[in-house]
Amino acid sequence: MGIFDAFREGLTKTRNFVADGFAKISARMGRFDEEMLEDLETLLVQADVGVGATISIMDAIRSEMKRTGDASREAVLHTLSVQMRAILGEKHPLELQSGKLNILLMVGVNGTGKTTTAGKLCYRFRAEGKKVILAAADTFRAAAIEQLQVWGERTDTPVIAHTEGSDPAAVCFDAIRSAQAKKADLLIIDTAGRLHNKQNLMDELSKIRRIIEREAPDAFCQTILIIDATTGQNAVIQAEVFSQAVELTGVGITKLDGNAKGGVAVSIAYSAHCPILLAGLGEGVSDLTDFDPDAFVASLLPEH
Ligand SMILES: Nc1nc2c(ncn2[C@@H]2O[C@H](COP(=O)(O)OP(=O)(O)OP(=O)(O)O)[C@@H](O)[C@H]2O)c(=O)[nH]1
Ligand SMILES: [Mg+2]
């Protein structure tokens, strides 16, 4: 499946919500009036585009209408699409550097999809012929270690794990040593779900970072915050707070499928100041793609 089709299929519920809402508003009259613009504003906020991004989009729509005198459905939709695209910025695919060890550190709050995304990334990079190792640095629950081991089996990837309750930084130490000995291309570290206000968990993350810097100073390390689209504006707050606490390379947004909250990507791009790298569009092993702003906007809005 091409990237446009993947987004289109994954974002069906959000598109239905936004496109149906837009159709209802624009069906009232041929031209947009102030009441219709206000309804469009409400629709965007309901689709989790966020208040800040929505205001900026609506300001642009109003001033473009004033400038051109064109208040048609097509003109409004065009400006909406251009503005969303501008907020989302350039495409930032997740890339590895060749000839050295790459490390991906998966962070985020509970249940956002860190382990699943780590597994999907294994699948993707194994398919590209890369030598990959998984580190089970979520030692909080035995089930978390087992869950990662299942992904290891599924993707034919070795998993470095200790027992439940052991030191996550020690797991990382062993995993780095193993990755170096095997000349692996990529080490993916799965961490425990943490709340940004839980100081001990944030400290644990800093300790992992220090181990990486000490033991693998030449590695190319990327820290990816995994956020769950279904949590709407809460996801935006997580992105803001985590980007202040740890040096984030970018964000992966999961669960863009199956709900009407896909607009949250626009909200995150508007407020979090860090690129969206990945999109989770389902639970399957191949339901992960690089975040593609063009495909995203085309999938969210009605045809025009
Ligand atoms: N529909 C859908 N479900 C997803 C996606 N990504 C993850 N999930 C599901 O979300 C649930 C939680 O995923 P996990 O990968 O266990 O999340 P986690 O962040 O590792 O959770 P903790 O380790 O408890 O912090 C699982 O049931 C996954 O199958 C996605 O892109 N789409
Ligand atoms: Mg997990």
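Residues numbered from 1 in each chain as written. Chains lettered and ligands numbered in written order. Predicted model: local features only at pLDDT ≥ 70, side-chain atom pairs only at ≥ 80, totals over all residues. Heavy atoms only, no water.

Novice: Honestly, the sheet that holds strand β2 (residues 132–137) in this entry has me stumped. Any pointers?
Specialist: Paired through their backbone hydrogen bonds, the strands of a sheet run either parallel or antiparallel. Here we have eight strands laid out as an open sheet, ordered β3-β2-β4-β1-β5-β6-β7-β8, and mixed in their pairing. Strand pairing shows two members of the sheet lacking a second neighbour, β3 (159–160) and β8 (288–290), which therefore form its edges. As judged from the three bridges shared by strand β7 (residues 276–280) and β8, these two strands associate in the antiparallel manner. Bridge pairing links L278 to D290 in β8. Contacting β5 (220–228), β6 (250–254) and β7, helix α11 (residues 264–271) runs over the sheet at an angle of about 165 degrees to β7. (Pairing = 2+ DSSP bridges. Helix = DSSP H or I, 4+ residues; strand = E, 2+ residues; numbered from the N terminus. Contact = heavy atoms within 4.5 Å. Axes fitted to C-alpha atoms, helices over the stretch in contact; angles between N-to-C directions.)

Novice: Looking at this structure, I do not really get the packing of aromatic side chains. What am I missing?
Specialist: In this description, a pair of aromatic rings is defined by centroid distance and the angle of the planes. Using the criterion set out here, one finds three aromatic pairs in the structure. Summarising the aromatic geometry, the rings of F291 and F296 are spaced 5.2 Å apart at their centres and angled 45 degrees between planes, so their arrangement reads as tilted. The exposure class assigned to F291 is buried, which follows from its relative accessible area of 1%. Every member of this aromatic cluster is reached through a ring pair, and the members are F7, F291 and F296. Sitting over the face of the ring of W151, R154 holds its NZ or CZ atom 4.3 Å from the ring centroid. (Phe/Tyr/Trp six-rings, centres within 6.5 Å; stacked < 30°, edge-to-face > 60°. Buried < 20%, exposed > 50% of the residue type's maximum accessible area, 1.4 Å probe, protein only. Lys NZ or Arg CZ within 6 Å of the ring centre and 35° of its normal.)

Novice: So what exactly am I meant to see when it comes to the pairing of β5 here?
Specialist: If a strand is regular, its side chains alternate between the two faces of the sheet. Burial runs high along β5: seven of the nine residues are buried. Judged from the six bridges that link them, strand β1 (residues 102–107) and β5 form a sheet pairing that is parallel. By the bridge assignment, N102 is partnered in β5 with F220. Across five bridges, the pairing between β5 and β6 is parallel. Each residue of the ladder has a partner; that of L225, found in β6, is V251.

Novice: Explain the packing of helix α2 (residues 12–27) against helix α3 (residues 34–46) here, please?
Specialist: Geometry of a packed helix pair, given as the angle between the helix axes and the separation of the axes. At a minimum axis separation of 10 Å, α2 and α3 run at an interaxial angle of 170 degrees. Classed by the angle they form, the pair α2 and α3 counts as roughly antiparallel. Here F17, V18, G21, F22, I25 and S26 of α2 come into contact with α3, specifically with M36, D39, L40, L43 and Q46. (Parallel < 35°, antiparallel > 145°, perpendicular 65-115°, else oblique.)

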